[in-house]
Amino acid sequence: QVQLVESGGGLVQPGGSLRLSCAASGSIFSIIAMSWYRRAPGKQRELVATITSGGSTNYADSVKGRFTISRDNAKNTVYLQMNSLKPEDTAVYYCNTLAKYDYYNSRTYWGQGTQVTVSS
């Protein structure tokens, strides 16, 4: 009953910017953390950035200084501002949330992914 809706992917030139959005909806007791993952061609899925319900953030070394994860708790929405994009950022980006579905239990939920292509 939890659904993640992603938007903002597309084609951008190197050095450009994109802003991804992911809104969680459905039967959510509370959100523990929201994250962005990506899977580039020929590579394993990689954790890009995470933000907790308290606002703590973590980034992959490859995106530090270029990407910013933020949230709007009232809207159960997470954003990924991507600046200074590089061709190696090309990937399918997946939204993920670690959420409680009742007081005691939690699980992860995944979005369907959105394509980000960085190319001239």
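Residues numbered from 1 in each chain as written. Predicted model: local features only at pLDDT ≥ 70, side-chain atom pairs only at ≥ 80, totals over all residues. Heavy atoms only, no water.

Undergrad: What exactly am I supposed to notice about the nonpolar core here?
TA: Across soluble globular proteins, nonpolar side chains show a tendency to be buried alongside one another. Within the largest apolar cluster, 30 residues are counted, with the highest numbers of intra-cluster contacts made by Trp 36, Leu 80, Met 82 and Tyr 93. Going through the elements one at a time, β3 (18–25), β4 (30–39), β5 (46–52), β7 (67–72), β8 (77–82), β9 (91–100) and β11 (114–118) are the ones with two or more residues in this core. (Core = buried A, V, L, I, M, F, W, Y, C linked by side-chain atoms within 4.5 Å. Buried < 20%, exposed > 50% of the residue type's maximum accessible area, 1.4 Å probe, protein only. Helix = DSSP H or I, 4+ residues; strand = E, 2+ residues; numbered from the N terminus.)

Undergrad: What exactly am I supposed to notice about the pattern of salt bridges here?
TA: One side chain can pair with another of opposite charge once the charged atoms of both are near each other. On inspection of all chains with the given rule, the structure shows 4 salt bridges. Linking Arg 38 and Glu 46 is a salt bridge whose minimum nitrogen-to-oxygen distance equals 2.9 Å. When its relative accessible area of 5% is taken as the criterion, Arg 38 is described as buried. The residue Lys 64 makes a salt bridge to Asp 61 at a minimum N-O spacing of 3.1 Å. The exposure class assigned to Lys 64 is partly exposed, which follows from its relative accessible area of 48%. Here the residues in one salt-bridge network are Arg 38, Glu 46, Arg 66 and Asp 89, joined through shared partners. (Salt bridge = Lys/Arg side-chain N within 4 Å of Asp/Glu carboxyl O.)

Undergrad: I would appreciate a short explanation of a nonpolar patch on the surface in the present structure.
TA: On the surface, a cluster of nonpolar side chains totalling about 450 Å² of accessible area is made up of Phe 29, Tyr 103 and Tyr 104. With respect to the helices and strands, the residue Tyr 104 is situated in the loop between β9 and β10 (106–110). Judged by its relative accessible area of 72%, Tyr 104 is exposed. (Patch = residues over 30% accessible without salt bridge, like charges linked within 9 Å, V, L, I, M, F, W, Y side chains within 5 Å. Areas by Shrake-Rupley, 256 points an atom, 1.4 Å probe, with all protein chains shown as cover.)

Undergrad: Got a minute to help me understand the packing of aromatic side chains in this structure?
TA: How two aromatic rings sit relative to each other is set out by the distance from centre to centre and by the angle between their planes. One pass over the full model with this rule turns up 3 aromatic pairs. Ring centres of Tyr 37 and Trp 110 lie 4.9 Å apart, and the angle between their planes is 55°; on these two criteria the pair is classed as tilted. Taken as a pair, Tyr 37 in strand β4 and Trp 110 in strand β10 lie far apart in primary sequence, 73 residues in all. For Tyr 37, a relative accessible area of 21% gives the class partly exposed. Ring centres 5.0 Å apart and planes at 85° place the aromatic pair Tyr 103 and Tyr 104 in the edge-to-face group. In this pair, the class of Tyr 103 matches that of Tyr 104, namely exposed. Taken together through their ring pairs, the aromatic side chains of Phe 29, Tyr 103 and Tyr 104 make up a single cluster. Over the face of the ring belonging to Tyr 79 we find Arg 19, whose NZ or CZ atom lies 4.0 Å from the ring centre. (Phe/Tyr/Trp six-rings, centres within 6.5 Å; stacked < 30°, edge-to-face > 60°. Lys NZ or Arg CZ within 6 Å of the ring centre and 35° of its normal.)

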